[in-house]
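So you can see what is in the structure, the chains are spelled out below.
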Protein chains: 2
Amino acid sequence: MHSEVVASRSAEQRDSKESRNGGPQLDAVSLAIVEQLQEDGRRPYAAIGKAVGLSEAAVRQRVQKLLDQGVMQIVAVTDPLTVGFRRQAMLGINVDGDLDPVADALTAMQEVEYIVITAGSFDLMVEVVCEDDDHLLEVINKRIRTLPGVRSTESFVYLKLKKQTYMWGTR
Amino acid sequence: MHSEVVASRSAEQRDSKESRNGGPQLDAVSLAIVEQLQEDGRRPYAAIGKAVGLSEAAVRQRVQKLLDQGVMQIVAVTDPLTVGFRRQAMLGINVDGDLDPVADALTAMQEVEYIVITAGSFDLMVEVVCEDDDHLLEVINKRIRTLPGVRSTESFVYLKLKKQTYMWGTR
DNA sequence: CCCCACCACTGCGAAATCCGCAAGCTACGA
DNA sequence: TCGTAGCTTGCGGATTTCGCAGTGGTGGGG
């Protein structure tokens, strides 16, 4: 029993160091736990334990640690349009010099819910959620385009959200 | 008691019909429930009930309905890089003619986790999650660019995820 | 080599939560 | 007037959560 996913920490742990990108690397068991919670964020610990081959308490500890470390978050996600935010857009941004100051300033804005540094014809791609056109205009024109370092922006206003999934892993 | 969020169904419900965009519109109470679960997807029903002014049973019923209707989902979200998917990209796509066939084909691909129809110099923006460069190349080049109707694509490979939030509402 | 600290896991009992169900109430529309 | 829909209260049993004590393995330090 308890053999479905063998931790085998000694074999898996070859690169357990912090990989340069950010968070710590996950072993096979934590990965399996994340997958379970990607299917259903409210799944009970005992059920997860059964699936990954761990006791209920162990799962609880791991989940708590994953949450504390910020590796994952368990939340409700919706289509913002349904929740009363009627204007949403993706912005492509080009920056002069260091990206970080701009990225940090954007992080501080609550209307900005998603920020990625990219390779390609944009340096940054950010997603903004606004209440209406006026709000969107203000955020883009007054708050983002005026940030020091921002050279140019291009806007893609959302017309319809077609798909939104969180089940990589489940393949 | 039970006065923090007054439902006042008669006043709120002016536009309760299906708005053209998709899901049904939410009243103030369901909105408050969603906000609670955006902060913590595992928050107990009783606590939510206290916060929004509803009984535990009523919250349970509403949450179940919201899940069934697909208005929201309660899931774990992570940075894919942490979970072993080492290549991720945003694609801007331009399409000849009707967008829907292309959007539907993309929806069927499990590597595509996010699809939006946009106004601007792209018709579609999609986010893809892949295991490595080979995988990414195959998805873009062999599976997406060959779809009938796809005129052109532009890729923005992710270098670093800087922010990811799900707490609109909480403002 | 022993000892000890540390960490992750297990097992268990108590408390809290979940869940289904029933009865009663109100608002609303046919 | 009747029926429906949604909420509330109350309840009990099953399940889950949570804290804590105990165990086993691993890696120093003496």
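The following refers to the structure shown.

The rules behind these values
- Residues numbered from 1 in each chain as written.
- Chains lettered and ligands numbered in written order.
- Predicted model: local features only at pLDDT ≥ 70, side-chain atom pairs only at ≥ 80, totals over all residues.
- Heavy atoms only, no water.
- Salt bridge = Lys/Arg side-chain N within 4 Å of Asp/Glu carboxyl O.
- Helix = DSSP H or I, 4+ residues; strand = E, 2+ residues; numbered from the N terminus.
- Near = heavy atom within 4 Å.
- Contact = heavy atoms within 4.5 Å.
- Buried area = accessible area lost by both parts, 1.4 Å probe.
- Polar contact = N/O pair within 3.5 Å; in protein donor to acceptor, adjacent residues only side chain to side chain.
- Nonpolar A, V, L, I, M, F, W, Y, C, P; charged D, E, K, R; others polar.
- Pairing = 2+ DSSP bridges.
- Least-squares fit on C-alpha atoms with pLDDT ≥ 70 in both.

**Overview of the pattern of salt bridges**
Inference 1: Going through the model one piece at a time under the given rule, you end up with 18 salt bridges over all chains.
Inference 2: With its nearest N and O atoms 3.1 Å apart, the salt bridge here joins A:Glu56 to A:Arg60. Taken together, the residues A:Glu56 and A:Arg60, both in helix α4 (residues 56–68) and 4 residues apart, mark about one turn of the helix.
Inference 3: B:Asp96 is the salt-bridge partner of B:Arg151, the closest N and O atoms lying 2.9 Å from each other. One end of the pair, B:Arg151, is in strand β5 (residues 150–164); the other, B:Asp96, is in the loop between β2 (87–95) and α5 (100–107), and 55 residues separate them in sequence.
Inference 4: Salt bridges sharing common partners tie together A:Asp100, A:Asp104 and B:Lys162.

**Description of the protein's contact with DNA strand C**
Inference 1: Around DNA strand C, 14 residues are found, and the nearest of them are A:Ser55, A:Arg62, A:Lys65, B:Tyr45 and B:Arg60.
Inference 2: Listed by contribution, the elements that provide at least two residues to the surface near DNA strand C are α4 of chain A together with α4 (56–68) of chain B.
Inference 3: The greatest single-element share of the surface near DNA strand C, amounting to 5 residues, is contributed by α4(A).

**Regarding the interface of chain B and chain A**
Inference 1: Each side of the interface is counted separately: chain B has 71 residues, and chain A has 72 residues.
Inference 2: When the two sides are added together, the surface that chain B and chain A hide from each other amounts to roughly 6,500 Å², 56% of it contributed by carbon and sulfur.
Inference 3: Run the count over chain B and chain A and you get 4 salt bridges.
Inference 4: Summed over the shared surface of chain B and chain A, the number is 35 residue pairs in polar contact (both at pLDDT 80 or more).
Inference 5: Within the residue set of the side of chain B that touches chain A, elements represented by two or more residues are α2 (28–39), α3 (45–52), β1 (72–78), β2, α5, β3 (112–119), β4 (124–130) and β5 of chain B.
Inference 6: Element by element, the count of residues in the side of chain B that touches chain A is highest for β5(B), at 11 residues.
Inference 7: Each residue belonging to the side of chain B that touches chain A can be placed in one class, and the counts come to 38 nonpolar, 18 polar and 15 charged.
Inference 8: Relative to β3(B), strand β5 (residues 150–164) of chain A runs antiparallel, the two sharing 6 bridges.

**Some remarks on the relation of the copies chain B and chain A**
Inference 1: Turning chain B through 180° and shifting it by 0.0 Å along the axis lays it on chain A, with an RMSD of 0.1 Å. On the angle and the small slide along the axis, the relation comes out as a two-fold axis.
Inference 2: Both copies contact each other with a shared surface, as 100% of the interface residues of chain B are interface residues in chain A too.

**What to know about the side chain of B:Lys163**
Inference 1: Topologically, B:Lys163 is positioned in strand β5.
Inference 2: Within the structure, B:Lys163 has its side chain in polar contact with the backbone oxygen of A:Thr107 (distance 2.7 Å).
Inference 3: In this structure the side chain of B:Lys163 is engaged in a polar contact, spanning 2.9 Å, whose partner is the backbone oxygen of A:Val112.
Inference 4: Setting aside residues up to four positions removed in sequence, B:Lys163 forms contacts with A:Leu106, A:Thr107, A:Met109, A:Val112, A:Glu113, A:Tyr114 and A:Ile115.

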